[in-house]
Structures are given as structure tokens and as C-alpha cells.
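Chains, contacts and geometry: an overview
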Amino acid sequence: MPYKRAEWLPRWSDFDGDCQDTRHELLIRYSLAPVTYTRADGCKVATGLWLDPYTGNFYLRASDLDVEHIVPLKWAHDRGGARWSRERKRRFAEDPDNLWLVDDGRNQSKGDRGPDEWMPPYAPVSRIYVQRFMAIVQKYGLQPSLAEASSFQALAAGS
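Below is a short write-up of the structure. Since we're looking at a predicted model, the values are computed, not measured. (Residues numbered from 1 in each chain as written. Predicted model: local features only at pLDDT ≥ 70, side-chain atom pairs only at ≥ 80, totals over all residues. Heavy atoms only, no water.)

Helix and strand counts for the chain come out as seven helices and five strands. Counting from the amino terminus, helix and strand elements in the chain follow one another as α-α-β-β-β-β-α-α-β-α-α-α. Relative to a compact globule of 159 residues, whose C-alpha radius of gyration would be 15 Å, the chain shows 16 Å and is just as compact. Along the three orthogonal principal directions, the C-alpha set of the chain runs to about 50 × 35 × 20 Å. Out of the 159 residues belonging to the chain, those deemed buried represent 45%. Pairs at least 24 apart in sequence give 61% of the contacts found in the chain among residues at least 6 apart. Surface exposure of the chain reaches about 8300 Å², of which carbon and sulfur atoms provide 52%. Computed over 22 positive and 22 negative side-chain charges, the separation of the two mean positions in the chain equals 4 Å. (Helix = DSSP H or I, 4+ residues; strand = E, 2+ residues; numbered from the N terminus. Rg over C-alpha atoms; globule rule 2.2 N^0.38 Å. Buried < 20%, exposed > 50% of the residue type's maximum accessible area, 1.4 Å probe, protein only. Contact = heavy atoms within 4.5 Å. Areas by Shrake-Rupley, 256 points an atom, 1.4 Å probe, with all protein chains shown as cover. Lys, Arg positive; Asp, Glu negative; His and termini not counted. Charge placed at Lys NZ, Arg CZ, Asp CG, Glu CD.)

The next point concerns the pattern of salt bridges. Applying the stated criterion to the full structure yields 10 salt bridges. Between Lys74 and Asp78 there is a salt bridge; the shortest N-O distance is 2.7 Å. Of this pair, Lys74 and Asp78 both sit in helix α3 (residues 73–78), separated by four residues, roughly a single helical turn. Under the relative-accessibility criterion, Lys74 is labelled partly exposed at 30%. Look at the salt bridges and you will find they share partners, linking Asp95, Asp97 and Lys139 into a network. (Salt bridge = Lys/Arg side-chain N within 4 Å of Asp/Glu carboxyl O.)

What follows is about the packing of aromatic side chains. One pass over the full model with this rule turns up 13 aromatic pairs. Ring geometry for Trp8 and Phe92: centres 5.8 Å apart, planes at 75°, overall edge-to-face. Within this pair, whereas Trp8 is found in helix α1 (residues 5–8), its partner Phe92 is found in helix α4 (residues 86–93), the two being separated by 84 residues in sequence. One exposure class covers both Trp8 and Phe92, and it is buried. Measuring from ring centre to ring centre gives 5.5 Å for Tyr54 and Trp100, while their planes differ by 75°; the resulting arrangement is edge-to-face. Remark: Trp100 occurs in strand β5 (residues 99–103) and Tyr54 occurs in the loop between β2 (45–51) and β3 (58–61); sequence separation between them is 46 residues. Through a chain of ring-to-ring contacts, the aromatic side chains of Tyr54, Trp75, Trp100, Trp118, Tyr129, Phe133 and Phe152 assemble into a single cluster. Stacked on the ring of Trp84, the Lys or Arg Arg88 has its end atom at 4.7 Å from the ring centre. (Phe/Tyr/Trp six-rings, centres within 6.5 Å; stacked < 30°, edge-to-face > 60°. Lys NZ or Arg CZ within 6 Å of the ring centre and 35° of its normal.)

This next bit is on the environment of Arg113. Assignment of secondary structure puts Arg113 in the loop between α5 (104–110) and α6 (126–139). Relative accessible area serves as the criterion here: at 29%, Arg113 is assigned to the partly exposed category. Setting aside chain neighbours within four positions, we find Arg113 in contact with Pro72, Trp75, Trp118 and Tyr129. From its side chain, Arg113 meets the backbone oxygen of Ser109 in a polar contact 2.4 Å long. At 3.1 Å, the side chain of Arg113 forms a polar contact with the backbone oxygen of Lys110. (Polar contact = N/O pair within 3.5 Å; in protein donor to acceptor, adjacent residues only side chain to side chain.)

Take a look at the structure:
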């Protein structure tokens, strides 16, 4: 069954009905300073202060950040997620445990690769990234290859 992103995440949800979708909820939650909004209704975040864990850089504009899936959707699809229901795929795609706010260009450079093929350029976060990746893989029962699993263990141990 081929991967189709729309089966996982056609758009960000507003689970609590407050007009802020998952992306904007994350921007509010992780801002290190008070946020401002694009409109008076407070639905869309404009500015704040965020630390990108992949680069170690700070960002002031929400538009400079992407919501990053630590375990990419296609990676999950290829390792067991293809058989999941649409509801489970959606839960995975919007699970805060699997989401980080990162520089939009850095997110695109990662693509659908795992830690055995791509690591954050900011070295202090590398081990945390691998540990988070492995925790999500375990939480959802995904099946990396033996070579991938071995590589993840070595990276998590700092080898």
C-alpha cells in the first residue's frame, strides 16, 4: 500500500475547539516568551521565542518554523504504520511526543529519514533526538530493521 500523507495528516486539527490547531498550540506551549497573534481572535501565532533543537538557533517568527515529526510519517508507514486505521495514523501524526518545532529548511533537509541516515547538526541534542525517536518507535510498535535498531542503540549510547 503506497504512502499518502493525506491519510495521516490532511490538515492540523483543533481538538479542543478553541480555534488554535495543533501547530499553533505547540507554538504557544513551547514559546520561551509571550506570543503575539496575527489577529485579535488569538487563533494564529505570529511571534514568540523558540529554540530549534536541531540547530540550537532561536527564532522570533512563527512562520520560520515547521512542526517536525521526530519519527517521519513515511518512515512509520514503511515500518508497520501502513496497516493502521486512519484514526491511529492521525493520532500518530499529531502526537505531541513526536513533534518538535524546527527551522523550516532543516525539516525539509531531514525528509523521511531516521537517525541512521540523518542527525541534527547541533551535536548536544543528537542523543536526545535518538532517544525520543526510539521512544516513539516503541510507543507505536513500529518495526525498524535489525540494522536500523542496532544503529539506533549505538547512537543513543553515544557510540
